[in-house]
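These are the residues of each chain, in order.
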Amino acid sequence: MLNVDNVNAYYGKLQVLHDLSLKIDDGERVGIFGHNGAGKTTLLKSCVGDMAHMTGRIEYGDRRVVPGQVHLNVRAGIAFVPQGHNVFRDLTVEQNLRISGLLHDPAYSETVCRIFPVLGQRKRHLAGSMSGGQQQMLALGMGLMTRPSLLLLDEPTTGLAPIIVKDVLECIRRVNQDEGTTVVIVEQNVQAALKQVERALVIKSGRIIFDGPSQQLLQEESLWHLF
Ligand SMILES: Nc1ncnc2c1ncn2[C@@H]1O[C@H](COP(=O)(O)OP(=O)(O)OP(=O)(O)O)[C@@H](O)[C@H]1O
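Being a predicted model, the structure only gives us computed values, none of them experimental. Every chain begins its residue count from 1, and numbering advances along the sequence as written. With the structure being a predicted model, the display of local features is reserved for residues of pLDDT at least 70 and the display and counting of side-chain atom pairs for 80 or more, all residues being used for whole-chain, interface and lining totals.

Caption draft 1: A look at helix 7 (residues 162-179). Counting from the N terminus, the helices are the DSSP runs of H or I reaching at least four residues and the strands are the DSSP runs of E reaching at least two. The length a helix should cover is 1.5 Å for every residue beyond the first. In this model helix 7 runs 26 Å from its N-terminal to its C-terminal C-alpha over 18 residues, within 8% of the 26 Å that 1.5 Å per residue would give. All of the buried residues along helix 7 are Val165, Val168, Leu169, Cys171, Ile172, Val175 and Asn176. Buried residues of helix 7, seen end-on, are gathered within an arc of 150° and therefore sit on one face of the element. Exposed residues pointing more than 90 degrees away from the buried face of helix 7 are listed as Ile163, Glu170, Gln177 and Asp178. On the buried face of helix 7, the contacting elements are strand 3 (29-33), helix 4 (109-115), helix 6 (132-144), strand 7 (150-154), strand 8 (182-186) and helix 8 (190-194). A positive phi of about 75° marks Gly180, the residue just after helix 7. Between the buried cut of 20 or more and the exposed cut of 12 or fewer other C-beta atoms within 10 Å of a residue's own C-beta lies the partly exposed class, and all C-beta atoms are placed from the backbone. Here the arc refers to the directions that run from the helix axis out to each C-beta atom. Each residue gets a C-beta atom placed from its backbone, and two residues are in contact if those atoms lie within 7 Å.

As structure tokens, this is what we get:
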């Protein structure tokens, strides 16, 4: 379980998260939504230990998430895939995957290619020659190569065509369903994402203002002003 307890997070004097608490069970598929600047990315960064300036406590399983010590938290099973296509453009798909799995299990790339079939089909293509959607799938696959039990994804479908958005989100659902990985996803494509997650959180000004079933948020138009 991920247990975020009373967290405040800051950039210098700017406080972004305010007494934020939340629990996510193993195996959940959770979407985080909210307006620009609400603190969604900051929450993900806090969960992987990438916010040095914070108070409160975050635990994953029986370990404390150590602020400022991302490598230790990755070793504990947390992966964070930031926004943007963070791939090595001059390496092939296969090389990108194997490098990401060097400290874990490079052979796991076979499983990743099963989850993201396009990566299997383009194993020997240079990453930089692929479309935005394919590069995004590769970035997600690289995150998976650390064999995380908790996958934190920051806006994985930004800038992609609607049909590709659906593909990427379905692959993310498969990661959760086939591999049992807990998935927490920040998304601007709210309607599409709500169809793929089970639970939704809405953040406003660094505080959680909705936490409930994604279907509820999808069906009740009166709640849509929240994001
Ligand atoms: N490195 C940084 N230094 C200073 N301020 C920052 C930094 N990163 C984010 N902020 C500020 O913190 C606030 C929350 O940013 P955050 O990126 O967490 O929001 P968000 O909800 O993810 O928004 P978006 O949807 O625009 O990505 C914003 O006011 C932003 O300008």
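Caption draft 2: Quick look at the sheet that holds strand 7. Strands were regarded as paired on the criterion that DSSP finds at least two bridges between them. Spatially, 6-7-8-3-9-10 is the arrangement adopted by the six strands of the open sheet, whose pairing is mixed. Looking along the sheet, the strands with just one partner apiece sit at the ends: strand 6 (78-81) and strand 10 (207-213). In this sheet, neighbouring strand axes are inclined to one another by 15° on average, regardless of whether the strands run parallel or antiparallel. Here four bridges tie strand 3 to strand 9 (residues 199-204), and the two strands are oriented parallel to one another. Paired with Phe33 across the strands is Val202, a residue of strand 9. Fitted lines through C-alpha atoms give the axes, limited to the stretch in contact for helices. The angle between two N-to-C directions lies from 0 to 180 degrees.

Caption draft 3: Quick peek at the site of the ligand. Around the ligand, the structure places Tyr11, Leu14, Val16, Gly34, Asn36, Gly37, Ala38, Gly39, Lys40, Thr41 and Thr42. Only strand 2 (14-24) and helix 1 (40-47) provide two or more residues apiece to the shell around the ligand. The element that contributes the greatest number of residues to the shell around the ligand is helix 1, accounting for three residues. Each residue is assigned to one class: nonpolar for Ala, Val, Leu, Ile, Met, Phe, Trp, Tyr, Cys and Pro, charged for Asp, Glu, Lys and Arg, and polar for all the others, Gly among them. Of the residues assigned to the shell around the ligand, the class counts are four nonpolar, six polar and one charged. Here is the check we use: build the C-beta atom from the backbone, and if it is within 6 Å of the molecule or strand, call the residue near.

Caption draft 4: Fine view of the UniProt feature "domain: ABC transporter" (unreviewed entry) in the protein. UniProt positions are given in the numbering used here, feature names are shortened, and annotations may be inferred rather than shown by experiment. According to UniProt, the feature "domain: ABC transporter" (unreviewed entry) maps to residues 2-226 in the numbering used here. The span residues 2-226 is 34% helical and 28% strand by assignment, and the distance between its end C-alpha atoms comes to 24 Å.

Caption draft 5: Geometry of the packing of helix 3 (residues 93-100) against helix 6. At a closest axis distance of 8 Å, the pairing of helix 3 and helix 6 adopts a crossing angle of 30°. Looking at the two axes, helix 3 sits roughly parallel to helix 6. Classified by chirality, the crossing of helix 6 by helix 3 is right-handed. Listed contacts from helix 6 to Val93, Asn96, Leu97 and Ser100 of helix 3 are Leu138, Gly141 and Met142. Counted by class, the contact of helix 3 with helix 6 contains four nonpolar, three polar and no charged residues. Convention used here: angles under 35 degrees read as roughly parallel, angles over 145 as roughly antiparallel, angles from 65 to 115 as roughly perpendicular, and any remaining angle as oblique. Less than a right angle of anticlockwise turn of the near helix away from the far helix marks a crossing as left-handed, whereas a clockwise turn marks it as right-handed.

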